[in-house]
Amino acid sequence: MQGQERALLGKSLLINREQKAQELIDELIAKYPKLKSNRQFLDVIYEVLKGTSSFGTRSLFVAAQYAGNGLIMSHLGDDAAAASTVTTAGVAFFMGMMSGFLAATGVDLGKAIKKKDNREIGNIIKTGWVMTGILGVIAAGGFLSTRAFLPLFLDDKVAKAASDLFSGYAVAATTELVVWGNGQIPFKIEKNNIIPFATAAAYRLSALGLSYWFAKVLGMGPLGIGLGAAASGVFNVAAFQAWYSRAVYHPFNLYDFKIDDFKEHVREFLSTGWPVSLQRVSEWLNLFLISQVTGAWSDHSLLAEQASLSLLVASGFMSQGSGQYSMMQVTEDRKARRMLLDDFVKTGNEEKLLEAYHLQKKNKHHFSVSIINGIVLNAALAGAIYAGRHGLIQLYAPENEVDSVMDLATLLLTINAISLPFDSTRNITAGILRGWDDMIYPTLVSLILMTVVAVPLGAALGFALEDSVLPMFIARLVTLAIAGLINVRKYYQHDAEDDAEFNEILLNQKILKSINQAVSNSGARYLEIEARLIEQARAFGFELEDVPGDGNCFFDAISKSLNSSEFDPVALRRLVARHISEYATSYEGFVEDDFDQFLARISQDGEWADHLLIQALSRELNVNIVLLRSDQAEPTIIKQSDADRTLYLGYQVGWHFQSLSGEPSRALLEKIEGAEVDHFERLEEVVINRSDTELNFLGASGEIPSSAVLFLTPAAGSAASDALNHGHH
């Protein structure tokens, strides 16, 4: 096959590869109709709604508790009301950061469940429990540290009210995290969608009731809010642990306190969990810092923010819950897809390939349904909140402050309501990206844009506008929208990579299967072509003398014919490249690619000779070149007007050049005598427009599908070259 034809085939490959892959998939679907899921899209809708209703609603209970805490604070006096904005964001920040690590348990459980490794499942659950206790202690330390730094930003009385609540939450931190983690274990082990919802409802609602009782009825103030949550946590943890005594958990030996390879499990827990934790930080640190900057400017602004913070916390936790579900589901499906593709490559089992295709398609549906679902839910939430904005603001603001904060609170609610669909898209897509183990990129994008860029920029603009909080929330809206769009773009990149990988595996396996089948019967056909060339050569007085099939066969054959040490194959290639460069105007019209790139290519060792190189070498050496052809067509004659000599080569059309020994017959000399001189177009036509049978004897024979040659991918092409070891070129 010559260079110009290779370029044309390459273009066909790029244009038609996806189309060919889809044709092969359609054939498989028709071949295995039982594996086709006609209801797949509806199944994904049901799956997403079921999963998000469990994890999203669970997170909504979390948000309700934190927003409820703010509501209780607003009725404990002006200072506590002002502090409620800081405490809502602060509790979400510390607990969100620690709970992010707990997502590792769900992800690692999914892997162990796929392997049906009961011992490993038990080790993962017990490691999660141990790490939950440690994370609870760290969270408690973070809560207690607020007594040191909050007075630096807030009024002393406001800072004390906030620190009192955080001190109570230091006691509640560990049990709350245990409740948080417990919900996902039955979800993975039993496929139970009710437990995450039920555990969240039981703990969050009872915590809210006890917090009100401790803080308001018993007069403990903000401290009682945290202590109420702690009391509820202790009760719920004790009650739920009995769930693990059921028979379904016996194979996991959960109450055998030995953990195999504990250090390795801790390392796996942390390596999986810290990116999720960082993602939570990117969300809640932003709001925590905004609340502190606002508090440094004005208690009045803090009061106006509280309704917006409740909205953002509710939406944020709901979206993060949906994102966590998506992370676990997409991760599980992509692991299964990988195993199926590996199985197909090893065994050639087409059913495995088709199952992998359906999983890949399912993930596409999952992305679309999850994003639409998140946007619709958050748009509905934003609409409901905005419609009831006056009542909500009156609910949070002390009676004597309602009128003064109403305008600012309404404006902030409007801005933050607009942000919800974008934030939902950002959160859910970030969760889906973790299915590709792509955790750091979306997290850093959010952290940098929303916190490193938006908070200082918004604060600077707000300070310039006489301590206005509006620029900070506007900057947050703009940057989270950008982060969401970046995440979506990243998803489509990964999806395209999966498609490309699948198509390559499909095309390589299908085509190589055909090629290998054909090659097993191709020896006789190759010998037939060679026999034709031998017959043609002998008819004109020659015998074949083979040269290596290393891509340099034309130059090897010419060198052998010249029988001169001055003209070895390397020197001849260099000579023809220099000639074409010097006489560029005579050749560039026949080059489809960039001319400089063409010159660089033909200078490379192993690059096949095409009609341009044959013509150029004939001119440069001032020799006639006669090609005796295996298709037994008329010899191809490149004739110079005053040639010094004539060189004779054998040409297995489309495959290989060979040297000839002997003397030309009278009939051949007469043909040379009557040939036109230096007819460039004739060479191009004769060499390129040859017999289809000779161009691709395997394809034309029907042993390989006619499309196979066009659609070889690079990997398949390499393997095909090894298989078709007769093809010397």
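Quick caveat: nothing in here was measured; it's all calculated off a predicted structure.

Helix and strand content of the protein: 26 helices and five strands. By residue count, 56% of the 729 residues in the protein fall in the buried class. Within the protein, counting contacts between residues at least 6 apart in sequence, those at least 24 apart form 80% of the total. Carbon and sulfur atoms provide 58% of the accessible area of the protein, an area that totals close to 30000 Å².

Helix α14 (residues 440-464) packs onto helix α9 (residues 262-297) with a crossing angle of 5 degrees between their chain directions and a minimal axis gap of 8 Å. With respect to their mutual orientation, α9 and α14 come out roughly parallel. Between α9 and α14, the contacting residues are Trp274, Pro275, Leu278, Gln279, Ser282, Glu283, Leu285, Asn286, Leu289, Ile290, Val293 and Trp297 on the first element and Ile440, Thr443, Leu444, Ser446, Leu447, Met450, Thr451, Val455, Ala459, Gly462 and Phe463 on the second. A per-class count over the contact of α9 with α14 returns 15 nonpolar, seven polar and one charged.

Before going further, it helps to spend a moment on the packing of helix α4 (residues 118-149) against α9. Running from amino to carboxyl end, α4 crosses α9 at an angle of 35 degrees, the nearest separation of the two axes being 11 Å. You can see that α4 and α9 cross each other, and the crossing is right-handed. Of the residues in α9, those in contact with Glu120, Asn123, Ile124, Thr127, Gly128, Val130, Met131, Leu135 and Phe149 of α4 are Phe262, His265, Val266, Phe269, Leu270, Phe288 and Gln292. Here the contact of α4 with α9 is composed, by residue class, of ten nonpolar, five polar and one charged.

This part covers the pattern of salt bridges. Two side chains carrying opposite charge are able to pair once their charged atoms lie near each other. Overall, the coordinates contain 25 salt bridges when judged by the stated rule. Where Asp498 meets Arg337, a salt bridge forms, and the shortest distance between an N and an O atom there is 3.9 Å. Remark: Arg337 occurs in helix α10 (residues 299-347) and Asp498 occurs in helix α15 (residues 470-519); sequence separation between them is 161 residues. Here Asp498 matches Arg337 in class, with each residue buried. Two residues, Lys364 and Asp495, come together in a salt bridge whose shortest N-O distance is 2.6 Å.

To continue, consider the environment of Val330. Its place among the elements puts Val330 in helix α10. Since its relative accessible area comes to 1%, Val330 is described here as buried. Along the chain, Val330 and Asn363 lie 33 residues apart, while their C-alpha atoms are 6.5 Å from each other. With near-sequence residues (within four places) excluded, Val330 lies in contact with Asn363, His366, Ile432, Gly435 and Trp436.

Another point: a nonpolar patch on the surface. Side chains of Trp274, Ile440, Leu444, Ile448, Val452, Val453, Leu457 and Leu461 sit close together on the surface and give an oily, nonpolar patch of about 670 Å² of accessible area. Counting residues per element, the nonpolar patch draws most heavily on α14, at seven residues. By secondary structure assignment, the location of Leu461 is in helix α14. Judged by its relative accessible area of 44%, Leu461 is partly exposed.

With 38 residues, helix α11 (residues 350-387) extends 55 Å between its outermost C-alpha atoms, agreeing within 8% with the 56 Å of an ideal straight helix rising 1.5 Å per residue. The N-cap residue of α11 is Asn349: its side-chain oxygen and the backbone nitrogen of Glu351 are 2.9 Å apart.

Despite not being glycine, Asn253 has its phi angle at roughly 50 degrees, a positive value. Here Asn253 lies in the loop between α8 (222-241) and α9. Positive phi is not limited to glycine here, since Asp437 has a value of about 60 degrees. For Asp437, the location among the structural elements is in the loop between α13 (402-433) and α14.

This brings us to the packing of aromatic side chains. Scanning all chains against the criterion turns up 24 aromatic pairs. Here Tyr244 and Tyr249 contribute two aromatic rings whose centre-to-centre distance is 5.2 Å and whose plane-to-plane angle is 85 degrees, an arrangement assigned as edge-to-face. Overall, the relative accessible area of 1% leaves Tyr244 in the buried class. Aromatic ring contacts, followed pair by pair, group Tyr66, Phe93, Phe94, Phe143, Phe166, Tyr169 and Phe288 into a single cluster. For the cation-ring pair, Arg246 lies above Trp243, with the distance from its terminal atom to the ring centre recorded as 4.3 Å.

What counts and how
- Residues numbered from 1 in each chain as written.
- Predicted model: local features only at pLDDT ≥ 70, side-chain atom pairs only at ≥ 80, totals over all residues.
- Heavy atoms only, no water.
- Helix = DSSP H or I, 4+ residues; strand = E, 2+ residues; numbered from the N terminus.
- Buried < 20%, exposed > 50% of the residue type's maximum accessible area, 1.4 Å probe, protein only.
- Contact = heavy atoms within 4.5 Å.
- Areas by Shrake-Rupley, 256 points an atom, 1.4 Å probe, with all protein chains shown as cover.
- Axes fitted to C-alpha atoms, helices over the stretch in contact; angles between N-to-C directions.
- Parallel < 35°, antiparallel > 145°, perpendicular 65-115°, else oblique.
- Nonpolar A, V, L, I, M, F, W, Y, C, P; charged D, E, K, R; others polar.
- Left-handed = near helix turned anticlockwise from the far one by under 90°.
- Salt bridge = Lys/Arg side-chain N within 4 Å of Asp/Glu carboxyl O.
- Patch = residues over 30% accessible without salt bridge, like charges linked within 9 Å, V, L, I, M, F, W, Y side chains within 5 Å.
- Expected span 1.5 Å × (residues − 1).
- Polar contact = N/O pair within 3.5 Å; in protein donor to acceptor, adjacent residues only side chain to side chain.
- Phe/Tyr/Trp six-rings, centres within 6.5 Å; stacked < 30°, edge-to-face > 60°.
- Lys NZ or Arg CZ within 6 Å of the ring centre and 35° of its normal.

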